[in-house]
Amino acid sequence: MRLLILGTYRDSELSQSHALRETLGVLRRNTDVSRIELAGLDDSGVISLMEATAGHTLDDTGVGLAHAVYRETDGNPFFVSEVLRHLAETGAIYQDAAGRWTADDSLEQIALPDSIREVIGGRVVRLGETAGRILSMAAVIGRGFRSRSPGQSDQGV
C-alpha cells in the first residue's frame, strides 16, 4: 500500500532548537522522501499570474506594471496578490470600457498595502525585541547591509 504524507513549513520561522529541525534531518537521509522547496515567482511568473488574474494578456502598460510589482514584491505570490488587490481597491488599476484591466497613468511607485505590513509585523514580533530593532534599522538602510557585533567579522545580510 502506498502512503502520501504532505507537510509544509517556513524554514525562516524555525528556530535552531525547534523539534522539526531534527525531524527534517532524519527525513533528508531517507531516499523515499521527496522535498520540494518553493521560491517566489520570477518576473515572467508575475506576468503570468497577472494575466491569469486579469483574464487577458497584458499590453505594454500591463507588462510595465507587472515588472514594477515584481520589483516591489520580489515575486512573493502572497505579496503580488495583495498589491494587486490594493491597487484595484484604490482605483490605481481598473477595468476600461472594453473590460481590460489597465493602470492609472499616475502610478509611479507601488506601496505595500496594510495587509502585507500586518503579516510582516506579526512575524517580526515573534523574532523578539532585539531582532525587531535590527530589522527596523535595516529597513531604512535598504535591501542589503552588513552587520557586525563586537569581536565578529562582517556578516552580509
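**Q** Got a minute to help me understand the overall build of the protein chain in this structure?
**A** On a plain count of helices and strands, the protein chain comes out with six helices and four strands. Taken across its 157 residues, the protein chain has 20% of its residues classed as buried. The contacts of the protein chain with a sequence gap of at least 6 include a subset with a gap of at least 24, amounting to 42%. About 12,000 Å² of surface is accessible on the protein chain, with carbon and sulfur atoms providing 52% of the total.

**Q** Explain the nonpolar core to me, please; I cannot follow it from the model alone.
**A** As a rule of thumb, soluble globular proteins bury nonpolar side chains together. Grouped together as the largest cluster of nonpolar side chains are 14 residues, with contacts concentrated most on Met-50, Leu-65 and Val-69. Of all elements in the fold, only helix 2 (43-54), helix 3 (60-73) and helix 4 (77-90) reach the threshold of two or more residues within this core. Broken down by element, this core gets its largest block of residues, four residues, from helix 4.

**Q** Hey, could you run me through the side chain of Thr-73 in this one?
**A** Among the structural elements, Thr-73 can be located in helix 3. Since its relative accessible area comes to 3%, Thr-73 is described here as buried. Aside from chain neighbours lying at most four places away, what touches Thr-73 is Phe-79, Val-80 and Val-83.

**Q** Got a minute to help me understand the packing of helix 2 against helix 3 in this structure?
**A** The geometry of a pair of packed helices is captured by two quantities: the angle between their axes and the separation between those axes. Closest axis-to-axis distance for the helix 2/helix 3 pair is 9 Å, and the angle between their directions is 125 degrees. The orientation of helix 2 with respect to helix 3, classified from their angle, is oblique. Relative to helix 3, helix 2 is oriented so that their crossing is right-handed. For the pair helix 2 and helix 3, the contacting residues are Asp-43, Val-46, Ile-47 and Met-50 in the first and Gly-62, Val-63, Leu-65, Ala-66, His-67, Val-69 and Tyr-70 in the second.

**Q** Explanation requested: helix 4 in the structure shown.
**A** Structurally, the α-helix is built with 3.6 residues per turn, so residues lying three or four positions apart point the same way. When the terminal C-alpha atoms of helix 4 are compared, their 20 Å separation across 14 residues agrees well with the 20 Å that a helix rising 1.5 Å per residue should span. The N-terminus of helix 4 is capped by Asn-76, whose side-chain oxygen sits 2.9 Å from the backbone nitrogen of Phe-78. Gly-91 sits one or two residues past helix 4 and shows a positive phi near 85 degrees.

**Q** Looking at this model, I keep getting lost on the side chain of His-56. Mind explaining?
**A** Relative to the assigned elements, His-56 resides in the loop between helix 2 and helix 3. A distance of 3.4 Å separates a polar atom in the side chain of His-56 from a polar atom in the side chain of Arg-100. For His-56, the side chain forms a polar contact with the main-chain nitrogen of Trp-101, separated by 3.0 Å. With residues up to four places along the chain from it excluded, the contact list for His-56 reads Glu-51, Arg-100 and Trp-101.

**Q** Honestly, the packing of helix 3 against helix 4 in this entry has me stumped. Any pointers?
**A** At their nearest, the axes of helix 3 and helix 4 sit 10 Å apart, and the two run at 125 degrees to each other. Overall, the two elements helix 3 and helix 4 adopt an arrangement that is oblique. In the packing of helix 3 onto helix 4, the handedness of the crossing is right-handed. Taking contact as the criterion, the partners of Leu-65, Val-69 and Thr-73 in helix 3 are, on helix 4, Phe-79, Val-80, Val-83, Leu-84 and Leu-87. The residue makeup of the contact of helix 3 with helix 4, split by class, is seven nonpolar, one polar and no charged.

**Q** What is the right way to read the pattern of salt bridges from this model?
**A** Where charged atoms of side chains with opposite charge meet at close range, the side chains can pair. Within this structure, the stated rule accounts for two salt bridges. For Arg-85, the salt bridge identified is with Glu-82, shortest N-O distance 2.8 Å. Here Arg-85 and its partner Glu-82 are both found in helix 4, three residues apart, which amounts to about one turn of the helix. Look at Glu-82 and you get buried, because its relative accessible area is 12%. With a shortest N-O distance of 3.1 Å, Arg-133 and Glu-129 are connected by a salt bridge. Within this pair, Arg-133 and its partner Glu-129 are both found in helix 6 (residues 129-141), separated by four residues, close to a single helical turn. Here Glu-129 falls in the exposed class, since its relative accessible area comes to 64%.

So, how was this worked out
- Here the residue index of a chain counts from 1 through its sequence in written order.
- pLDDT decides what is reported in this predicted model: residues at 70 or higher carry local features, side-chain atom pairs at 80 or more are listed and counted, and totals for whole chains, interfaces and linings draw on all residues regardless.
- Calculated side-chain values reflect all of the structure's heavy atoms, with hydrogen atoms and water omitted.
- Numbering of helices and strands runs from the N terminus; a helix is a DSSP stretch of H or I covering at least four residues, while a strand is a stretch of E covering at least two.
- Partly exposed describes any residue whose relative accessible area lies between the buried limit of under 20% and the exposed limit of over 50%, with all areas from a 1.4 Å probe on protein chains only and scaled to the type maximum.
- For this analysis, residues touch if any pair of their heavy atoms sits within 4.5 Å.
- Accessible surface is estimated by sampling points in the Shrake-Rupley manner with a 1.4 Å probe; for residues, cover comes only from the protein chains shown.
- Only buried residues count toward a nonpolar core, which is a set of Ala, Val, Leu, Ile, Met, Phe, Trp, Tyr and Cys residues joined through side-chain atoms within 4.5 Å.
- Orientation is described by axes fitted as lines to C-alpha atoms, over the contacting stretch for helices, and by angles from 0 to 180 degrees between their N-to-C directions.
- Oblique is the label for any angle not covered by the other classes, which are roughly parallel (under 35 degrees), roughly antiparallel (over 145) and roughly perpendicular (65 to 115).
- Crossing handedness follows the turn of the near helix against the far one: under a right angle anticlockwise gives a left-handed crossing, and clockwise gives a right-handed one.
- Multiplying 1.5 Å by the residue count of a helix minus one yields the expected span of that helix.
- Polar contact criterion, stated in full: a pair of N or O atoms within 3.5 Å, where within protein one must be able to donate a hydrogen and the other to accept it, and residues adjacent in sequence count only if both atoms are side-chain atoms.
- Residues are grouped as follows: Ala, Val, Leu, Ile, Met, Phe, Trp, Tyr, Cys and Pro are nonpolar; Asp, Glu, Lys and Arg are charged; every other residue, Gly included, is polar.
- By definition here, a salt bridge exists when the distance from a side-chain nitrogen of Lys or Arg to a carboxyl oxygen of Asp or Glu is within 4 Å.

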